[in-house]
Amino acid sequence: GSGYFQGIPYNVRNNVRKYWIPLFYRIWRRLTGNPWFRRLWVVQEVALAKNSMLIWGRETITLGLVLKVINAVSDCQASIIYEGLPAIKSLSRIDSIRTSVHADPLMRSRKLTILDLLHQTESFECSDPRDKIYALLGLVSTPGFTADYNLSVDQVFVGFAKWILTQFRDLRLL
């Protein structure tokens, strides 16, 4: 689209397309290939933070600004954005969860649940399978269910399924 280039002289637009976008592309591929974008514990770290900053080497940028850049670049060069699509989906989900966690309870249409979080974070990775659940516990209320690394993976998942059934009387987990 031309929305971002409206009123910008042709030679500047041409330089942006010729130099800046390829540079952004090289940086974008390195950034979005970073495993940070796939880690589940990052969801809790970012969602609970008052201000979310991405730090890469000596550079810092707010998560909000990253999302704005993604939108601006996708408007003029969508192929760059699609190259980092998994990372973009991760950032968008993290931002959505962060917004839900910090939302005024009176403004929410409904309360965020652990089931919602499990669904929204299913593509994120953990080195310990128990963390698929434990990494989300700090984001929502889970009375009666706590992290216990002394339990086996099977014990955690069976215990969690039983807890879900008693709390929600809902079969969505299955």
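Small disclaimer: the values here were computed from a predicted structure and weren't measured.

**Student:** Now, about the packing of aromatic side chains: what can you tell me, with residues and values included?
**Tutor:** Tallied over the entire structure, the rule returns six aromatic pairs. Taking the centre distance of 5.8 Å and the plane angle of 45° together, the rings of Phe 145 and Trp 163 count as tilted. Taken as a pair, Phe 145 in the loop between helix H7 (131-134) and helix H8 (153-168) and Trp 163 in helix H8 lie far apart in primary sequence, 18 residues in all. One exposure class covers both Phe 145 and Trp 163, and it is buried.

**Student:** Quick rundown of the pattern of salt bridges? Include the residues and the values.
**Tutor:** Note on pairing: side chains with opposite charge can pair once their charged atoms come close. Scanning the entire structure with this criterion turns up three salt bridges. We note a salt bridge from Arg 39 to Glu 45, for which the minimum N-O separation is 3.9 Å. Residue Arg 39 is classed as partly exposed on the basis of its relative accessible area of 35%. Given a relative accessible area of 46%, Glu 45 falls into the partly exposed group.

**Student:** Kindly report on the side chain of Asp 128, identifying the contributing residues and their values.
**Tutor:** Inspection of the secondary structure puts Asp 128 in the loop between helix H6 (114-120) and H7. Within the structure, Asp 128 has its side chain in polar contact with the side chain of Arg 130 (distance 2.7 Å).

**Student:** Please provide a residue-by-residue account of the environment of Leu 54, values included.
**Tutor:** Inspection of the secondary structure puts Leu 54 in strand E1 (residues 53-56). Classification of Leu 54 as buried rests on a relative accessible area of 11%. Separated by eleven residues in sequence, Leu 54 and Leu 65 have C-alpha atoms that sit 9.9 Å apart. Leave out the neighbours within four places in its chain, and Leu 54 touches Trp 36, Glu 59, Thr 60, Ile 61 and Val 66.

**Student:** Hey, could you go over the pairing of strand E2 (residues 59-62) for me, with residue numbers and the actual values?
**Tutor:** In the case of a regular strand, side chains alternate between the two sheet surfaces. The pairing of E1 with E2 spans four bridges and is antiparallel. Paired with Ile 55 across the two strands is Thr 60, which belongs to E2. Linking E1 to E2, which pair antiparallel, is a turn of two residues; within it Gly 57 sits at a positive phi near 65°.

**Student:** Got a sec to walk through H8? Specific residues and values, please.
**Tutor:** Over its 16 residues, H8 runs 22 Å from end to end, which matches the ideal 22 Å to within 8%, given 1.5 Å per residue. Elements that come into contact with the buried residues of H8 comprise H6 and H7. Following H8 by one or two positions, Arg 169 has its phi on the positive side, about 50°.

**Student:** Tell me about the nonpolar core, and name the residues and values.
**Tutor:** Counting 33 residues, the largest nonpolar core has Ile 114, Leu 139 and Phe 145 as the members making the most contacts within it. Of all the secondary-structure elements, those providing two or more residues to this core are helix H2 (41-48), helix H3 (63-76), helix H5 (85-102), H6, H7 and H8. When residues of this core are assigned to their parent elements, the largest contribution, five residues, is made by H5. Not counting residues up to four positions away in its chain, the partners in contact with Leu 139 are Val 43, Gln 44, Ala 47, Leu 48, Ile 97, Val 101 and Leu 117.

The rules we used
Residues numbered from 1 in each chain as written. Predicted model: local features only at pLDDT ≥ 70, side-chain atom pairs only at ≥ 80, totals over all residues. Heavy atoms only, no water. Phe/Tyr/Trp six-rings, centres within 6.5 Å; stacked < 30°, edge-to-face > 60°. Helix = DSSP H or I, 4+ residues; strand = E, 2+ residues; numbered from the N terminus. Buried < 20%, exposed > 50% of the residue type's maximum accessible area, 1.4 Å probe, protein only. Salt bridge = Lys/Arg side-chain N within 4 Å of Asp/Glu carboxyl O. Polar contact = N/O pair within 3.5 Å; in protein donor to acceptor, adjacent residues only side chain to side chain. Contact = heavy atoms within 4.5 Å. Pairing = 2+ DSSP bridges. Expected span 1.5 Å × (residues − 1). Core = buried A, V, L, I, M, F, W, Y, C linked by side-chain atoms within 4.5 Å.

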